[in-house]
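# Structure at a glance
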Amino acid sequence: ALDNLIEVLNFRSKGQATPWTAFPIHKDENLYQKNKHKIGSVGDDVAAVIESLQPYHRGDQYVLHPLWILHELWNLDKHRQPTLVVTVAQTIKIGVQWRATSGTATMSNPHVIAPDFFPFEDGAEVCRVLIERRSPNAEVQMEATYTLHVAFGKDQPAALHVITPVLEQCITYVAQTLTRFAKFF
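Residues numbered from 1 in each chain as written. Predicted model: local features only at pLDDT ≥ 70, side-chain atom pairs only at ≥ 80, totals over all residues. Heavy atoms only, no water.

### So, the overall build of the protein chain
In plain terms, the rule: Numbering goes from the N terminus for both helices and strands, where a helix is a DSSP run of H or I of at least four residues and a strand is a run of E of at least two. Only heavy atoms matter for contacts: two residues are in contact if any of them lie within 4.5 Å across the pair.
Within the protein chain, the secondary structure is distributed over five helices and five strands. Along the chain direction, N to C, the helices and strands of the protein chain fall in the order α-α-α-α-β-β-β-β-β-α. Sequence-distant contacts, at least 24 apart, represent 65% of the contacts inside the protein chain between residues at least 6 apart.

The following block contains the structure:
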């Protein structure tokens with residue numbers, strides 16, 4: 001949508017299509033300055049809005065800028081590299097109860113080991129509960145409740161962030177960005 005916006009603004013400005021225009025998205029001001037020619041002849045007022053939207057304005061936090069995330073996802077998709085995902089256990093609740101099957105039973109309190117992130121694949125370990133059973137006549141019952149989400153992988157845009165809210169944020173940001181250009185039509 002943003003590349004199309006630049007093309008339409010160029011058409012309005014020059015009365016004809018301009019080849020190779022694009023909405024530049026950069027993490028570094030020097031790269032932006034080097035590539036801002038891609039916006040073509042949109043006019044200084046439009047160019048100022050485009051520059052103000054650049055992820056580099058966030059400094060080291062550019063990686064969480066919605067335009068940067070979209071830019072990186074788009075590049076991954078164009079080059080056919082699948083977006084790797086992990087599963088995120090947002091809420092883990094584990095209840096352990098034990099009772100003696102005969103006589104008395106003693107057990108230690110359970111120790112729960114649950115990674116924050118784990119591979120999104122069959123057989124992935126989502127949790128491990130360690131219980132020291134101090135008597136052979138104990139019966140153990142466990143109940144676990146999980147809220148699981150899918151997140152971007154460690155080496156992906158928005159690394160280890162849950163996918164749905166990130167994409168919703170990107171969509172909202174692009175929609176708001178497009179409205180900033182309405183005054184130029």
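Here the narrative resumes.
### Looking at helix H3 (residues 44–52)
Each α-helix winds once per 3.6 residues, and so residues spaced three or four apart point in a common direction. What counts is decided by this rule: Here's how the labels work: a residue is buried when its accessible area is under 20% of the maximum for its type, exposed when over 50%, partly exposed in between, all with a 1.4 Å probe on protein chains only. The reported arc concerns the directions from the helix axis to the C-beta atoms and nothing else.
Those residues of H3 that sit buried are Val-46, Val-49 and Ile-50. All buried residues of H3 project into a common sector of 100 degrees when viewed along the axis, lining one side. Residues of H3 that are buried in the fold lie against helix H1 (2–14), helix H2 (29–35) and helix H5 (163–180).

### Some details on the layout of surface pockets
The condition that has to hold: Grid points spaced at 1 Å over the protein atoms alone were grouped into cavities, where a 1.4 Å probe fits but cannot get out, and pockets, open sets with protein on both sides within 12 Å along at least five of seven lines, with lining residues defined by an atom within 4 Å of a point. Grid points are joined across faces, edges and corners, and a volume is the space filled by probe spheres set on the points. Side-chain classes are defined by residue name, with Ala, Val, Leu, Ile, Met, Phe, Trp, Tyr, Cys and Pro counting as nonpolar, Asp, Glu, Lys and Arg as charged, and the others, Gly among them, as polar.
Of the pockets and cavities examined, the largest pocket occupies roughly 520 Å³. At the level of elements, H1 and helix H4 (66–78) are the ones that each hand at least two residues to the lining of the largest pocket. In terms of residue class, the lining of the largest pocket is built from ten nonpolar, five polar and three charged.

### Some words on the packing of aromatic side chains
This is how it is decided: What counts as a ring pair is set by centres within 6.5 Å for rings of Phe, Tyr and Trp (its six-membered ring), and what kind of pair is set by the plane angle: stacked under 30 degrees, edge-to-face over 60, tilted for all other angles.
This structure, assessed with the given rule, holds three aromatic pairs. Aromatic side chains Tyr-62 and Trp-68 sit 5.3 Å apart centroid to centroid with 85 degrees between the ring planes, which places their arrangement in the edge-to-face category. For the pair shown, Tyr-62 and Trp-68 are each scored as buried.

### Notes on the environment of Ser-41
Following the sequence through the fold, Ser-41 ends up in the loop between H2 and H3. Spatially, the C-alpha atom of Ser-41 lies 8.1 Å from that of Leu-9, the residues being 32 residues apart in sequence. Contacts of Ser-41, omitting those with residues within four sequence positions, involve Asn-10, Ser-13 and Lys-14.

### A word on the packing of H4 against H5
Cut-off, in case you're wondering: For helices, the axis comes from a line fit to the C-alpha atoms of the stretch in contact; other axes are also lines fit to C-alpha atoms, and the angle between any two N-to-C directions lies between 0 and 180 degrees. Angular relationships are summarised with four words: roughly parallel below 35 degrees, roughly antiparallel beyond 145, roughly perpendicular across 65 to 115, and oblique for the angles in between. Crossing handedness: left-handed means the near helix sits turned counterclockwise from the far one by under a right angle, and right-handed means the same turn made clockwise.
Between H4 and H5, whose axes approach to 9 Å, the crossing angle comes to 110 degrees. Comparing their axes, H5 and H4 come out roughly perpendicular. Of the two possible hands of crossing, H4 and H5 adopt the one that is left-handed. Residues Pro-66, Leu-67, Ile-69, Leu-70 and Leu-73 of H4 pack against Val-166, Leu-167, Gln-169, Cys-170, Tyr-173 and Val-174 of H5. Residues belonging to the contact of H4 with H5 are distributed by class as follows: ten nonpolar, one polar and no charged.

### Quick word on the confidence of the model for the protein chain
Let me state the cut-off plainly: Note: pLDDT gives the predictor's confidence per residue, expressed from 0 to 100.
Per-residue confidence for the protein chain gives a mean pLDDT of 82, with 84% of residues at or over 70. No element of the protein chain has a lower mean pLDDT than strand S1 (residues 85–100), which averages 68, and none a higher one than H2, which averages 96.

### Digging into the nonpolar core
Put simply, the rule is: Working definition of a nonpolar core: buried Ala, Val, Leu, Ile, Met, Phe, Trp, Tyr and Cys residues. They are joined through side-chain atoms within 4.5 Å.
Judged by nonpolar contacts, the single largest core of 21 residues is most densely connected at Leu-9, Phe-23, Val-46, Ile-50, Leu-53, Leu-67 and Phe-181. In contact with Leu-9, other than residues within four places in its own chain, are Val-42, Val-46, Phe-181, Phe-184 and Phe-185. Ile-69, Ala-158, Ile-163 and Val-166 belong to the second-largest nonpolar core, a separate cluster that totals seven residues.

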